[in-house]
Amino acid sequence: MPVDFLSDEQVARYRRFRPEVSVAELEQFFRLDAKALQALAGRRRPATKLGWAVQWGTVRMLGTFLAEDPLDVPGQVLEFIAEQLGIDSACAPEYLTRPKTAYEHAWEIRDLLELSEFSKREQEVRDYLAARVWSTIEGPRALFDRAVVHMLREGILLPAGITTLTRLISEVRRAEHARLYRTLAERAGPQLRARLAELLQVPADRRVSELERLRTAPTRASGRVMVAELHRVAEIGGLGAGAVVTEPVPAVKLTALARYGCHRNTAETGRGE
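This is a predicted model, so every value here is computed, not measured.

The rules we used
- Position numbers for residues count from 1 along each chain, tracking the sequence in the order it is written.
- Local features in this predicted model are restricted to residues of pLDDT 70 or higher, and side-chain atom pairs are both shown and tallied only at a pLDDT of 80 or more, whereas totals for entire chains, interfaces and linings draw on every residue.
- Only heavy atoms go into the side-chain values, all of them from the structure, while hydrogens and water stay out.
- Put simply, DSSP H or I for four residues or longer makes a helix, DSSP E for two residues or longer makes a strand, and each gets a number counted from the N terminus.
- A radius of gyration in this sense is built from C-alpha atoms; the matching globule rule multiplies 2.2 Å by the number of residues raised to 0.38.
- Categorising residues by exposure relies on relative accessible area from a 1.4 Å probe, with only protein chains included: less than 20% of the type maximum marks a residue as buried, more than 50% marks it as exposed, and the intermediate range marks it as partly exposed.
- Contact definition: two residues touch when any of their heavy atoms are within 4.5 Å.
- All accessible-area figures derive from a Shrake-Rupley calculation using a 1.4 Å probe, and residue coverage is judged against the displayed protein chains alone.
- Think of it this way: Lys and Arg go in the positive column, Asp and Glu in the negative one, and His and the chain ends go nowhere.
- The atoms used to mark charge sites are NZ of Lys, CZ of Arg, CG of Asp and CD of Glu.
- Each nonpolar core is a collection of buried residues, namely Ala, Val, Leu, Ile, Met, Phe, Trp, Tyr and Cys, held together in the definition by side-chain atoms within 4.5 Å.
- Residue count minus one, scaled by 1.5 Å, sets the expected span of a helix.
- By salt bridge we mean one thing: a side-chain nitrogen of Lys or Arg within 4 Å of a carboxyl oxygen of Asp or Glu.
- Between 30 and 60 degrees the pair is tilted, below 30 it is stacked and above 60 it is edge-to-face, where a pair is any two Phe, Tyr or Trp rings, Trp via its six-membered ring, whose centres lie within 6.5 Å.
- For a lysine, the NZ atom is tested; for an arginine, the CZ atom; a charge sits over a ring if that atom is within 6 Å of the ring centre and within 35 degrees of the ring normal.

Quick look at the overall build of the chain now. Along the chain, the regular secondary structure elements total 12 helices and zero strands. For 273 residues, the compact-globule formula gives about 19 Å, and the C-alpha radius of gyration of the chain, at 28 Å, lies well above that figure. Taken along its principal axes, the extent of the C-alpha atoms in the chain is 90 × 35 × 30 Å. Here the chain, with 273 residues, has 40% of them falling under the buried criterion. When contacts within the chain are restricted to residue pairs at least 6 apart in sequence, long-range pairs at least 24 apart make up 74% of them. As displayed, the chain has an accessible area near 16,300 Å², and 54% of this comes from carbon and sulfur atoms. The chain carries 40 positive and 37 negative side-chain charges, and their two centres are separated by 5 Å.

Spelled out as structure tokens, the structure:
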């Protein structure tokens, strides 16, 4: 499964709490607002109130409900909510005596917060990722975090399996990169494409391709080398690539492609062109 690009930290925190929750996170996700307090008003048992409120804050922070154990949260969370409700957090285990209650509350909270299942809004997430891949040079790890934040903000529940999201990111990146190369190829036209393809050939009297020769920087400085470099620059300009209309490809993507073209040269000589 395509999860290799994620860090261990990203995998560990997906749909899970860290050992400690910050004060800012408690205030942002677990401070009961008027809508939550109104929903709790008709409930009598302290454990029921506490469990409902924990699930309400959990889905807001993690983008998911904790199906196996809705009370598997840091102790700070229980204390913070219990203090707001004026109850003792020690009653929490009573909430688990009837497992169906937690499920009923989860559905109720989902409707209250107008949350959507990922499967129903997958195309929206796909479109969001496609826009970012096209307009930025963010890598897959950054895109993963962006996608999670986007879904939390837009009320989309995170998919149960992390591979669902990583696979989606991989698919979108492949599709958008293909669109980028296809767009540039169309802008270049058949003649320029043919000239560029010829650069990949290795002449009989040389050991490297013409492309490698053109992008290889000198290893020493002298007047003769400077003249040769000016000829090399003129030869590159004569290819006509600079006259290609690259719109609508973002400038940042063109810069990234240029860096990629010089990557091997930079690695070998320790300098760019």
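All right, on to the environment of A160 then. Within the secondary structure, A160 is located in the loop between α8 (140–154) and α9 (162–198). Measuring from C-alpha to C-alpha, the distance between A160 and Q55 comes to 16 Å, with 105 residues separating the pair along the chain.

F17, F30 and L50 are the most contacted members of the largest nonpolar core, which totals 34 residues. Counting residues per element, the ones that place at least two in this core are α2 (23–30), α3 (34–40), α4 (46–62), α5 (75–85) and α6 (99–112). For this core, the element with the most residues is α4, which contributes nine residues. Not counting residues within four places of it along the chain, the set of residues in contact with L50 comprises L78, I81, A82, L85, I87, S89, C91 and A92.

With that out of the way, let us pick up α4. The end-to-end C-alpha distance of α4 is 24 Å, a good match for the 24 Å that 17 residues give at a rise of 1.5 Å each. Immediately downstream of α4, the backbone of G63 shows phi near 75 degrees, a positive value.

This model, assessed by the stated rule, comprises 16 salt bridges. Close ionic contact of E117 with R110 constitutes a salt bridge, the shortest N to O distance being 3.9 Å. Overall, R110 belongs to the buried group, its relative accessible area being 17%. Salt bridges sharing partners connect three or more residues here, namely E9, R13 and D145.

The phi dihedral of R15 falls on the positive side, at around 60 degrees, and the residue is not glycine. Mapping R15 onto the fold places it in the loop between α1 (8–13) and α2. Of note, E114 is a non-glycine position whose phi angle comes to about 55 degrees, a positive value. Mapped onto the secondary structure, E114 falls in the loop between α6 and α7 (122–135).

A full pass over the atoms with the stated rule returns two aromatic pairs. Ring geometry for Y14 and F144: centres 5.9 Å apart, planes at 50 degrees, overall tilted. In this pair, Y14 sits in the loop between α1 and α2 while F144 sits in helix α8, placing the two residues 130 residues apart along the sequence. As far as the burial class goes, Y14 and F144 line up, both buried. With a centroid separation of 6.2 Å and an interplanar angle of 35 degrees, the aromatic rings of F17 and F30 are classed as tilted. Of this pair, F17 sits in the loop between α1 and α2 while F30 sits in helix α2, and the two are 13 residues apart along the sequence. Accessibility classification places F17 together with F30 in one group, the buried group. Here R60 stacks its cationic end above the ring of W56, 4.1 Å away from the centre of that ring. The side chain of R179 reaches across the aromatic face of W134, ending 3.8 Å from its centre.

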